[in-house]
Amino acid sequence: MTREQHLSGSNEQNAAGMGDLTQEQLRACIRTRTLGQQLVCLEQTDSTNLRADELAKKGAAHGMLVTADMQSAGRGRRGRLWQQEPGTMIAMSLILRPTLPPDAAAMLTLVAAHSTALAIEKVTGVSAYIKWPNDIVLGGKKAVGILTEMCLEGGRIGHIILGIGINVGTGHFPAELADTATSLYLETGKRFRRCELAAEVLWQLEQEYEQFLTKGDLSAIRDDYNAHLVSRGKEVRILDPAGEYTAISGGITETGELMVEREDGRMERVYAGEVSVRGLYGYV
Ligand code: BTN
């Protein structure tokens with residue numbers, strides 16, 4: 001058996017190893033029209049974002065979904081590693097081919113965060129919050145990370161890989177993450193089927209993706225995104241390379257920037273990718 005395989009759920013040895021995230025199980029839960037119509041379900045890989053990118057470069061269609069039961073080198077934002085124990089998280093990467101100008105692509109990450117938060121609320125019944133722009137927070141700790149990677153072709157978007165990592169059944173985190181990371185299991189004491197949750201994410205995302213393309217901005221989700229914003233109305237630290245400052249967090253604009261009010265009353269528009277936002281006393 002090779003270390004990485006393109007599996008069909010009919011391979012019993014591998015299906016057993018992949019618990020509740022086999023191709024058959026996913027297929028049975030998926031009810032979308034475009035996203036996840038083609039599935040590549042891997043037992044183990046380095047990173048689903050890398051595999052999806054490779055497939056996209058070979059011409060894979062819009063909506064193809066790559067999942068893995070285990071990633072050995074999951075990619076996080078700012079070059080960080082995204083760690084996981086086998087069988088405990090959803091690692092999913094979607095190939096998207098939107099007709100959008102490249103500078104609109106950053107908004108997709110916020111769409112994905114909002115869709116994933118709603119999917120988690122629906123499946124688990126617990127309140128999920130968004131730490132701008134795209135972390136999902138349960139009980140004050142991060143349960144989901146999203147990494148969007150864009151491939152340009154001649155100045156246009158060739159494809160986008162939308163990678164979502166959800167800590168579903170993780171029972172404990174290494175000491176360095178224990179204060180800031182959580183899982184659906186740790187927050188609820190319950191076990192959730194990963195195939196069901198992944199399919200619910202696709203369902204929510206498909207609706208919101210279509211609205212986003214139609215409007216060209218976040219106006220369809222802005223109010224509800226803001227209602228899920230963990231920092232709204234709270235004091236935050238803005239880690240701006242040009243100089244850090246403390247401010248009160250407002251909501252997002254229709255193009256996804258965060259509005260904040262500085263201590264002297266000046267309003268600032270904060271751009272994701274340029275700055276980070278931290279809680280004054282911890283992660284949120
Ligand atoms: C973050 O740093 O918060 C983003 C983490 C994104 C992790 C997901 S897991 C599925 C997909 N594949 C990757 O290699 N990364 C993303």
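Look up a bit, the structure's there.
Now for a description of the structure that goes with this document.

Conventions adopted
Residues numbered from 1 in each chain as written. Predicted model: local features only at pLDDT ≥ 70, side-chain atom pairs only at ≥ 80, totals over all residues. Heavy atoms only, no water. Near = heavy atom within 4 Å. Polar contact = N/O pair within 3.5 Å; in protein donor to acceptor, adjacent residues only side chain to side chain. Areas by Shrake-Rupley, 256 points an atom, 1.4 Å probe, with all protein chains shown as cover. Helix = DSSP H or I, 4+ residues; strand = E, 2+ residues; numbered from the N terminus. 1 Å grid on protein atoms, 1.4 Å probe; cavity = no way out; pocket = protein on both sides within 12 Å on 5 of 7 lines; lining within 4 Å. Points joined across faces, edges and corners; volume = space filled by probe spheres on them. Nonpolar A, V, L, I, M, F, W, Y, C, P; charged D, E, K, R; others polar. Core = buried A, V, L, I, M, F, W, Y, C linked by side-chain atoms within 4.5 Å. Buried < 20%, exposed > 50% of the residue type's maximum accessible area, 1.4 Å probe, protein only. Contact = heavy atoms within 4.5 Å. Pairing = 2+ DSSP bridges. Axes fitted to C-alpha atoms, helices over the stretch in contact; angles between N-to-C directions.

### Some remarks on the site of the ligand
Move 1: Taken together, 21 residues form the shell around the ligand, and within it Ser47, Thr48, Arg75, Arg77 and Lys142 come nearest.
Move 2: The contact in question runs from an oxygen atom of the ligand to an N or O atom on the backbone of Arg75, over 2.6 Å.
Move 3: If the ligand stood free it would expose 420 Å²; the protein chains cover 98% of that surface.
Move 4: Among the elements of the structure, helix H3 (48-57), strand S3 (74-75), strand S5 (89-96), strand S8 (141-153) and strand S9 (156-167) are those that each provide at least two residues to the shell around the ligand.

### Focus on empty space enclosed by the protein
Move 1: What the rule picks out here adds up to two cavities of 30 Å³ or more.
Move 2: Of the volumes computed, that of the largest cavity is approximately 60 Å³.
Move 3: Taken together, Lys131, Trp132, Val230, Ser231, Val236, Val277, Arg278, Gly279, Tyr283 and Val284 make up the lining of the largest cavity.
Move 4: Among the residues forming the lining of the largest cavity, the class breakdown is six nonpolar, two polar and two charged.
Move 5: Roughly 40 Å³ of internal volume is contained in the second largest cavity.
Move 6: Lining the second largest cavity we find Val111, Glu208, Gln211, Phe212, Asp217, Leu218, Ala220 and Ile221.
Move 7: Looking at the lining of the second largest cavity element by element, the count peaks at three residues for helix H6 (residues 194-215).
Move 8: Broken down by class, the residue content of the lining of the second largest cavity amounts to five nonpolar, one polar and two charged.

### Remarks on the nonpolar core
Move 1: Of all hydrophobic cores here, the largest spans 64 residues; its most connected members are Leu26, Ile120, Trp132, Ile166 and Ile238.
Move 2: Discounting residues that sit within four places of it in the chain, Leu26 has contacts with Leu21, Leu39, Cys41, Leu65, Thr67, Cys195 and Ala198.
Move 3: If you look at the next biggest cluster of nonpolar residues, it comprises 10 residues, including Val40, Leu42, Ala60 and Val66.

### A look at H3
Move 1: For H3, the set of buried residues is Thr48, Asn49, Arg51, Ala52, Asp53 and Ala56.
Move 2: Lining the buried residues of H3 we find strand S1 (39-45), strand S2 (65-71), S3, S5, S8 and S9.
Move 3: Structurally, the start of H3 carries an N-cap: the backbone nitrogen of Asn49 is 3.2 Å from a side-chain oxygen of Ser47.
Move 4: Trailing H3 by a residue or two, Gly59 shows a phi angle of about 100°, which is positive.

### Some words on the layout of surface pockets
Move 1: Of the pockets and cavities examined, the largest pocket occupies roughly 790 Å³.
Move 2: For the largest pocket, the lining is made up of 38 residues, of which Arg77, Arg80, Trp82, Asp135 and Lys142 are closest to its centre.
Move 3: Mapped onto the lining of the largest pocket, the elements with two or more residues apiece are H3, S3, strand S4 (81-82), S5, S8, S9 and strand S14 (276-279).
Move 4: In terms of residue class, the lining of the largest pocket is made up of 16 nonpolar, 14 polar and eight charged.
Move 5: Of the voids in this model, the second largest pocket is the one considered here, and its volume is about 540 Å³.
Move 6: Along the wall of the second largest pocket there are 25 residues; nearest its centre are Ala106, Met107, Thr109, Ala272 and Gly273.
Move 7: Sorting the residues of the lining of the second largest pocket by element identifies helix H4 (106-124) and S8 as the ones contributing at least two each.
Move 8: Looking at the lining of the second largest pocket residue by residue, the class counts come to 13 nonpolar, eight polar and four charged.

### Some remarks on the sheet that holds strand S13 (residues 267-270)
Within a sheet, adjacent strands bond to each other through the backbone by hydrogen bonds, running parallel or antiparallel.
Move 1: Reading across the sheet, the five strands line up as S13-S12-S11-S10-S14 and stay open at both edges, with antiparallel pairing between neighbours. Among the strands making up the open sheet, the edge pair consists of S13 and S14. Within this sheet the neighbouring strands show an average axis-to-axis angle of 45°, counted without direction.
Move 2: In the sheet, strand S12 (residues 258-262) pairs with S13 via four bridges, with the strands oriented antiparallel. Of the residues in S13, the one forming a bridge with Glu261 is Met267.

Function cannot be inferred from these measures alone, as they are strictly geometric.
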